[in-house]
Amino acid sequence: MLKKGTKCRICKNKGKNNKAVVFLSHHRLALCKEHFIEWFEKRVEKTIKEFKMFKKSERILVAVSGGKDSLALWNVLYKLGYEADGLYIDLGIGDYSENSKILAKNFADRIKRKLHIVSLKEQLYTIPTIKDFTNRPACSSCGVVKRYYMNRYAKELGYSVVATGHNLDDETAVLFGNTLQWDLKYLSRQYPVLLEEEGFVRKVKPLCKITEKESAIYSVFNNIEYIEYECPFSEGASSIEYKTLLNQLEEKHPGTKLKFYSEFLKKIYPIFKELQKEDKISLMKCRICGEPSYSEVCGVCRLKMLVDKKVKTN
Ligand code: SF4
Ligand code: ZN
Ligand code: ZN
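Residues numbered from 1 in each chain as written. Chains lettered and ligands numbered in written order. Predicted model: local features only at pLDDT ≥ 70, side-chain atom pairs only at ≥ 80, totals over all residues. Heavy atoms only, no water.

Draft legend 1. Structural detail: the coordination of the zinc ion (ligand 2). Looking at the zinc ion (ligand 2), the protein donor atoms are Cys8 (SG), Cys11 (SG), Cys32 (SG) and His35 (ND1), and they sit 2.1 to 2.3 Å from it. For the zinc ion (ligand 2), the four donor atoms in the first shell make angles of 99 to 116 degrees at the metal, a pattern classed as tetrahedral. Coordination of the zinc ion (ligand 2) draws on donor residues from a single chain, spaced C-x2-C-x20-C-x2-H in sequence. Of the two residues, cysteine 8 is situated in the segment before helix H1 (9–13) and cysteine 32 in the loop between strand E2 (29–31) and helix H2 (33–50); the sequence distance between them amounts to 24 residues. With respect to burial, cysteine 8 and cysteine 32 carry one shared label: buried. (Donors = N, O, S within 2.8 Å, 3.2 Å for Na, K, Ca; no water. Tetrahedral: all angles 85-135°; square planar, octahedral: opposite > 155°, others 65-115°. Helix = DSSP H or I, 4+ residues; strand = E, 2+ residues; numbered from the N terminus. Buried < 20%, exposed > 50% of the residue type's maximum accessible area, 1.4 Å probe, protein only.)

Right, here's the structure in full:
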């Protein structure tokens, strides 16, 4: 917690007396608004360089949901001088999608960058329809569909990298879940950069060392309007339970999340990566849409066939 009257560390070092407005307990750092923004942007830039995510010469497609993380990410990339446009996938989830689309469009207008919009209603089926006609939880179909269109549109529109707004809280919650299950397949892919391979563009997570709270503060300080409520399907998701548990630990022991994630990347991931090399499944092309797939028909075409069949018999 920020104690009353605490001064910004950077201002203090420069002989100024500005009050701190943010205290980053896991970094033991108290900062004023200006220096928090500077700290945040430098941290993202450092992460991009540390993991060799992309260069200034590359065209980046930011997967924009209208939430604080993806908009904060787009703002940082824009300010750092990267060539970054947005992709909004309209999932057709009622007001949630309508409102988040407006916010994504407003932000694109503000920074004068292109926002590509993909409508699931036109391309496939909306997430509520897919959920109603399959027995799968909305989020598992949504994940497959989003990954598919992000990759497909990035290729079609000539971007070599897709950047998503996954933050430290997201990454540690997934890591925690995968560790509880000892899910080696997912653990061996949990890295902030997934390199391009046949039919897949590179995917990166530049906010992986930024907490959810930090990205919310950054968005507020930059007057970024973002969707403040969660998708209605997120209720009851186990990742939310894991986030709550990890936040309780973080409160008692600041730095727990960052340590859990960073040490995994440093010490454990290299071991799992080697294992992955041994059981690498070869990629093929989906016989329906031609997109890369680990089976004869890709996940999205399978979903489409399933819903088509149910719609016809209804
Ligand atoms: Fe999709 Fe689930 Fe996220 Fe909603 S909560 S946007 S359904 S993944
Ligand atoms: Zn300061
Ligand atoms: Zn397909």
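Draft legend 2. Region of the structure containing the sheet that holds strand E6 (residues 161–163). If you walk across this open sheet you meet the six strands as E5-E4-E3-E6-E8-E7, and the pairing is mixed. With one partner strand each, in any of the chains shown, strand E5 (115–119) and strand E7 (193–194) form the two edges of the open sheet. The sheet contact formed by E7 and strand E8 (residues 202–204) spans two bridges and is antiparallel. Bridge assignment links valine 193 to a residue of E8, and that residue is valine 204. This element, helix H3 (residues 68–79), spans strand E3 (59–63), strand E4 (83–90), E5 and E6 of the sheet and lies at about 160 degrees to E3. In this fold helix H4 (residues 94–111) packs onto E4 and E5, with an angle of close to 165 degrees to the strand it touches most, E4. (Pairing = 2+ DSSP bridges. Contact = heavy atoms within 4.5 Å. Axes fitted to C-alpha atoms, helices over the stretch in contact; angles between N-to-C directions.)

Draft legend 3. Focus on the coordination of the zinc ion (ligand 3). Donor atoms from the polypeptide that coordinate the zinc ion (ligand 3) comprise Cys286 (SG), Cys289 (SG), Cys298 (SG) and Cys301 (SG), at 2.2 to 2.4 Å from the metal. In this structure, the zinc ion (ligand 3) is coordinated by four donor atoms arranged in tetrahedral fashion, with angles at the metal of 105 to 113 degrees.

Draft legend 4. Seen up close, the domain arrangement of the chain. We note that the domain assignment places domain 1 (1–31) and domain 2 (43–266) within the chain. Domain 1 and domain 2 are separated by 30 Å when their C-alpha centres are compared. On the side of domain 2, nine residues touch domain 1, which itself brings six residues to the contact. Contact between domain 1 and domain 2 buries roughly 530 Å² in total, counting both sides, with carbon and sulfur atoms accounting for 73%. Among the residues domain 1 hides against domain 2, the three largest losses belong to Val22, His26 and His27. Together they make up 73% of the total. For the interface between domain 1 and domain 2, the tally reads zero salt bridges. Looking at the side of domain 1 that touches domain 2, its residues break down into three nonpolar, three polar and no charged. (Domains from an automatic or database assignment. Buried area = accessible area lost by both parts, 1.4 Å probe. Salt bridge = Lys/Arg side-chain N within 4 Å of Asp/Glu carboxyl O. Nonpolar A, V, L, I, M, F, W, Y, C, P; charged D, E, K, R; others polar.)

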